[in-house]
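Architecture and fold: a report
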Amino acid sequence: AKKRDHRKLGKELGLFYFSEDVGPGLPLFTPKGEMVRHLMEDYVREVQTRYGYEHVWTGHLVKEDLYRRSGHYENYKDSMFPPMVDENISFRLKPMNCPSHMTLFREMGRHSYRELPLRFAEFATLYRYEKTGELSGLTRVRSLTQDDCHTFCTEEQIESEFTLSLNLIREVFGRYRFTDYKVRLSLRGEGGKYVQDDEKWSKAEKALRSSLVANGVEFFEATGEAAFYGPKADFLARDVLGREWQLSTIQVDFIQPARLELTYIGEDGAEHTPVVLHRAVTGATERTMAVLIEHFAGAFPVWLAPVQAVLIPIADRHVPYMQEVAQKLRAAGLRVEVDDRGERMNAKIRDAQKQKVPYMLVVGDKEMEESQVA
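These lines cover the structure that appears in this document, whether it is placed above or below. What you see is a predicted model; the values in this text were computed from it and never measured.

Analysis parameters
As a convention, each chain's residues are numbered from 1 in the sequence order in which they are written. The predicted nature of this model means local features are confined to residues of pLDDT at least 70 and side-chain atom pairs, given and counted, to a pLDDT of 80 or more, with totals for whole chains, interfaces and linings taken over all residues. To get the side-chain values, take all heavy atoms of the structure and skip hydrogens and water. In this description a helix means any DSSP run of H or I spanning at least four residues, a strand means any run of E spanning at least two, and both kinds are numbered starting from the N terminus. Here a polar contact is taken to be a pair of N or O atoms separated by no more than 3.5 Å, where protein atoms must pair a possible hydrogen donor with a possible acceptor and residues adjacent in sequence count only if both atoms sit in side chains. We call Phe, Tyr and Trp rings a pair once their centres come within 6.5 Å, taking the six-membered ring for Trp, and we label the pair stacked below 30 degrees between planes, edge-to-face above 60, and tilted otherwise. The cut-offs for exposure are 20% and 50% of the maximum accessible area for each residue type, with area from a 1.4 Å probe on protein chains only; residues under the lower value are buried, those over the upper are exposed, and the others partly exposed. The rule is short: NZ of Lys or CZ of Arg within 6 Å of the ring centre and within 35 degrees of the ring normal puts a charge over the ring. A residue counts as positive if it is Lys or Arg and as negative if it is Asp or Glu; His and the chain ends are not included. A pair is scored as a salt bridge if a Lys or Arg side-chain nitrogen falls within 4 Å of a carboxyl oxygen belonging to Asp or Glu. Residue contacts follow a heavy-atom distance rule, with two residues in contact if any of their heavy atoms lie within 4.5 Å. Only protein atoms enter the 1 Å grid, on which a cavity is a set of points fitting a 1.4 Å probe that cannot get out and a pocket is an open set with protein on both sides within 12 Å along at least 5 of 7 lines, lining residues being those with an atom within 4 Å of a point. Grid points are joined across faces, edges and corners, and a volume is the space filled by probe spheres set on the points. Classification convention: Asp, Glu, Lys, Arg as charged; Ala, Val, Leu, Ile, Met, Phe, Trp, Tyr, Cys, Pro as nonpolar; all other residues, Gly among them, as polar. What counts as an axis is a line fitted to C-alpha atoms, over the stretch in contact for a helix, and the angles between N-to-C directions run from 0 to 180 degrees. Here the angle decides the label: under 35 degrees means roughly parallel, over 145 means roughly antiparallel, 65 to 115 means roughly perpendicular, and every other value means oblique. The crossing is said to be left-handed when, going from far helix to near helix, the turn is anticlockwise and less than a right angle, and right-handed when the turn is clockwise. Patch membership requires over 30% relative accessible area and the absence of a salt bridge. Like charges are linked within 9 Å, and nonpolar side chains (Val, Leu, Ile, Met, Phe, Trp, Tyr) within 5 Å. Values of accessible area rely on a 1.4 Å probe in the Shrake-Rupley scheme; residue burial ignores everything except the protein chains shown. The disulfide criterion used throughout: a pair of cysteine sulfur atoms within 2.5 Å. Pairing between strands requires that DSSP locate at least two bridges from one strand to the other.

Bringing the side chain of His72 into the picture now. Looking at the element boundaries, His72 is found in helix α4 (residues 72–76). In terms of polar contacts, His72 uses its side chain to reach the side chain of Ser70, at 2.7 Å.

As a further point, take the packing of aromatic side chains. Under the criterion given, the structure shown has 13 aromatic pairs. Ring geometry for Tyr181 and Phe235: centres 6.3 Å apart, planes at 45°, overall tilted. One end of the pair, Tyr181, is in strand β9 (residues 181–187); the other, Phe235, is in strand β11 (residues 232–238), and 54 residues separate them in sequence. Judged by relative accessible area, which is 1%, Phe235 ranks as buried. One aromatic cluster is present, formed by Tyr43, Phe173, Tyr176, Phe178, Tyr181, Phe235 and Trp303 through successive ring pairs. A cation over a ring is seen here: Arg68 above Tyr73, with NZ or CZ 3.9 Å from the ring centre. Over the ring of Trp303 we find Arg175; its NZ or CZ atom is 4.1 Å from the centre of that ring.

The next thing to look at is the side chain of Asp148. Within the secondary structure, Asp148 is located in strand β8 (residues 143–153). Among buried Asp, Glu, Lys and Arg side chains, Asp148 stands out as unpaired, with Arg279 the closest opposite charge at 6.5 Å. Among the polar contacts listed, one links the side chain of Asp148 to the side chain of Asn97, at a separation of 2.9 Å. With sequence-adjacent residues up to four places away left out, Asp148 is seen in contact with Asn97, Phe120, Ala121, Glu122 and Arg279.

Empty space among the atoms becomes visible once a probe the size of a water molecule is rolled across them. Looking at the largest pocket, its volume works out to about 1200 Å³. If you list the elements that add at least two residues to the lining of the largest pocket, you get α4, β8, β11, β12 (244–253), β15 (275–284) and α9 (285–295). Empty space within the second largest pocket amounts to approximately 270 Å³. In this structure, the second largest pocket is lined by 16 residues; those nearest its centre are Glu155, Tyr264, His272, Thr273 and Val275. Here the lining of the second largest pocket gets 3 residues from one element, more than from any other, and that element is helix α7 (residues 198–214). Broken down by class, the residue content of the lining of the second largest pocket amounts to 5 nonpolar, 4 polar and 7 charged.

Where helix α6 (residues 158–175) contacts α7, the two axes come as close as 9 Å, and the packing angle between them is 55°. Relative to α7, the element α6 is oriented oblique. As α6 packs across α7, the resulting crossing turns out to be right-handed. Contacts from Ile158, Glu159 and Phe162 in α6 reach Ala207, Leu208, Ser210, Ser211, Leu212 and Ala214 in α7.

With that out of the way, let us pick up unusual backbone geometry. The residue after Leu116, namely Pro117, is reached through a cis peptide bond having omega 5°. Within the secondary structure layout, Pro117 lies in the loop between α5 (98–107) and β7 (118–127). Backbone geometry places Asn88, a non-glycine residue, at a positive phi of 70°. Note that Asn88 resides in the loop between β5 (84–86) and β6 (89–93). On the accessibility criterion, Asn88 (79% relative accessible area) is exposed.

Time to look at empty space enclosed by the protein. Counting across every chain of the model gives 1 cavity of 30 Å³ or more. By volume, the largest cavity is sized at about 40 Å³. Along its surface, the largest cavity is lined by Met40, Glu41, Val44, Phe123, Asp147, Thr282 and Thr285.

This brings us to a nonpolar patch on the surface. Taken together, the side chains of Tyr17, Val22 and Leu28 define a hydrophobic patch exposed on the protein surface, amounting to about 250 Å² of accessible area. Owing to a relative accessible area of 43%, Val22 belongs among the partly exposed residues under this scheme.

Another point: the state of the cysteines. Within the structure shown, the criterion is met by 0 disulfides. The cysteine Cys98 is free of any disulfide, with Cys149 supplying the nearest cysteine sulfur at 12 Å. Given the relative accessible area of 4%, Cys98 is considered buried. Here Cys153 stays free of any disulfide, with the sulfur of Cys149 as its closest cysteine sulfur at 11 Å.

The sheet built from 3 strands is open, its strands ordered β17-β16-β18 with parallel pairing. Across the chains shown, the open sheet's two edge strands, defined by having one partner strand only, are β17 (336–338) and β18 (359–363). For this sheet, the mean angle separating the axes of adjacent strands, direction not counted, is 20°. Pairing geometry for strand β16 (residues 309–313) and β18, over 5 bridges, is parallel. When the bridges of β18 are listed, Leu311 appears paired with Leu361.

What follows is the structure in structure tokens.
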């Protein structure tokens, strides 16, 4: 288990570091680590676009008053960083995207039922004031990037939009080889955490439960795990160490859209409040990367490897030819490095194996003469 720990592997592979100079829970990603992040996000962006999601951007700061109106301040303020005050206006580092996406929906003007569903996706860096003792590598950080989406739809569209999100999640899980996962129906429990509106809670739970059943999804129920504004279906993936991680989620929200005064004009010509589906495919990039590092023991699939091939010249006279080969491979879109250090070939091969590079291309006199690589 220790050999697979993502913190140890991440350091060995040169993917990320933590520094006391920057602060706990704030990871620093090297060029290789950023490449893995980029590949992960680029892949989800491509899939989301194919499924009909549109990407937006909503910044890092939000007026505190918006979180008071949405209900997040009351239920989430302990996880927010302290306010920054400018001319008596308090701002907060953004800990979640939903109020910003809902505000964007409202600011875009009057919406017709013909525009719905409207799907806003964003790769947003969020900031959460996690306690120092609860931080753990990339799995629990203070700055996290979320592949978040909010779908604005009618009540009649909930099941079809749930199905769309479910199919997207299944495709991504398959690509990452997460075949062992469970689905939890997270319901509200006792206490004051939840917005008190029994009618809307009942509608949301009924819609979510029927969507799960209609798609043949096996699930178990857990009370007290819902968001403060609605129930959710959480996807719990099991890693190679047998641990469960919540990666994806689909949530049904009848409450926040009404609190933030969102409307659309229905077929009857009257104003109606849209339903919002909150959805994340892999959740936090950082947590998913940690799970993937351990899942693949650092040996990423070729498409996800930060370096896909290392080029190893046997002697210095082979280096110019190796540089030409590297240039051709890069022009073809491959990620390659040339190991032109003054080390012996066996040492270079051993180092490439430690770095879990998928391919090693070796060149000697024969390969150079024949314009080949071994």
